[in-house]
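Architecture and fold: a report
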Amino acid sequence: MNAITAITEPDAKDFTSAMRALVGNCSVLTVGDDADRTGLVVTSAISLSAEPPLLLACVNRASSSWPMFNRYRRFGWSSLGAQHQKVAERFSGFGGVKGPDRYAGADWTTAVTGAQLLADAPAAFDCDVEEMIDRGTHSIVIGRVRAVITTPEQGALIYWNGGFRKMEA
């Protein structure tokens, strides 16, 4: 049997290491217009309410995307399917990819609010920013869902133990 080590006050490294043991659904949040657009991958994105339809995501305030949520007050939320690892890598900034270049190599559709949604996402949500709540290093971004698009049988892309993993449908 393994011994359990109690850490009463973990540092950031210990906490991050422990969080990697949790499985997270990968989603891309897109924000901005034309040349002034960017986005990021989040694994801390969940449903908050069905009535009214609200989503919640945690966005690091040090990210290049964070100030744009306040500026544009709308965003796209596309859950990633098993085939979207390259999209996840671009929106995670692999290879130094930034801003509008993150959108290359994928098909996007413009939603009702003007937000960009991944055309073949298992589920995609067009959102207005309802509220941003700062806690620690992140903001809790609450999005009011204005439209939903679903594409069945896309599988899922998850993040676990420091890497992306595919779940086929």
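Below, the structure is looked at part by part. (Residues numbered from 1 in each chain as written. Predicted model: local features only at pLDDT ≥ 70, side-chain atom pairs only at ≥ 80, totals over all residues. Heavy atoms only, no water.)

With that out of the way, let us pick up the overall build of the protein chain. When helices and strands are counted, the protein chain shows three helices and twelve strands. Since a compact globule built from 169 residues should have a radius of gyration of about 15 Å, the 16 Å found for the protein chain is in line with a globular shape. In terms of principal-axis extent, the alpha carbons of the protein chain reach across some 55 × 40 × 35 Å. Within the protein chain, buried positions represent 41% of all 169 residues. When contacts within the protein chain are restricted to residue pairs at least 6 apart in sequence, those whose partners lie at least 24 apart make up 64%. In the structure as shown, the protein chain presents an accessible area of about 9,400 Å², 53% of it carried by carbon and sulfur atoms. Averaged over its 16 positive side-chain charges, the protein chain has a centre that lies 5 Å from the centre of its 18 negative ones. (Helix = DSSP H or I, 4+ residues; strand = E, 2+ residues; numbered from the N terminus. Rg over C-alpha atoms; globule rule 2.2 N^0.38 Å. Buried < 20%, exposed > 50% of the residue type's maximum accessible area, 1.4 Å probe, protein only. Contact = heavy atoms within 4.5 Å. Areas by Shrake-Rupley, 256 points an atom, 1.4 Å probe, with all protein chains shown as cover. Lys, Arg positive; Asp, Glu negative; His and termini not counted. Charge placed at Lys NZ, Arg CZ, Asp CG, Glu CD.)

Each strand in a sheet pairs with another by means of backbone hydrogen bonds, the pair being arranged parallel or else antiparallel. Read from one edge of the open sheet, three strands run S1-S11-S12, paired in antiparallel fashion. Each edge of the sheet is formed by a strand with only one pairing partner; in this case those strands are strand S1 (24–25) and strand S12 (163–167). (Pairing = 2+ DSSP bridges.)

Okay, the side chain of aspartate 126 next. You can see aspartate 126 is positioned in strand S9 (residues 123–135). Those residues in contact with aspartate 126 that sit more than four places away from it in its chain are Phe75, Ala111, Val112, Thr113, Ala115, Leu117, Arg144, Val145, Arg146 and Ala147.

This next bit is on the side chain of arginine 102. Take arginine 102: it is sitting in the loop between helix H3 (85–91) and strand S7 (108–110). The side chain of arginine 102 is buried and forms no salt bridge, while aspartate 101, the nearest opposite charge, is found at 8.6 Å. For arginine 102, the side chain forms a polar contact with the main-chain oxygen of phenylalanine 91, separated by 3.5 Å. If we skip the residues at most four places from it in the chain, arginine 102 touches Thr38, Gly39, Leu40, Arg90, Phe91, Gly93 and Val97. (Salt bridge = Lys/Arg side-chain N within 4 Å of Asp/Glu carboxyl O. Polar contact = N/O pair within 3.5 Å; in protein donor to acceptor, adjacent residues only side chain to side chain.)

Moving on, we get to the pattern of salt bridges. Counted under the stated rule, the structure contains five salt bridges. Across the salt bridge formed by arginine 74 and aspartate 33, the nearest N and O atoms sit 2.7 Å from each other. Highlighted residues: arginine 74 in strand S6 (residues 74–79) and aspartate 33 in strand S2 (residues 27–33), separated in sequence by 41 residues. A salt bridge links glutamate 130 to arginine 144, with the nearest nitrogen and oxygen atoms 3.7 Å apart. Here arginine 144 lies in strand S10 (residues 138–150) and glutamate 130 lies in strand S9, a separation of 14 residues in the sequence.

Within the open sheet, the seven strands sit side by side as S3-S2-S6-S9-S10-S5-S4. Their pairing is antiparallel. Both edges of this open sheet fall to strand S3 (36–42) and strand S4 (45–50), since each of them pairs with a single strand only. Pairs of neighbouring strands in the sheet enclose a mean axial angle of 30°, with direction left out of account. Summarising the sheet, strand S5 (residues 53–60) and S10 pair through seven bridges and their orientation is antiparallel. Pairing of asparagine 60 across the sheet is with histidine 138, part of S10. (Axes fitted to C-alpha atoms, helices over the stretch in contact; angles between N-to-C directions.)

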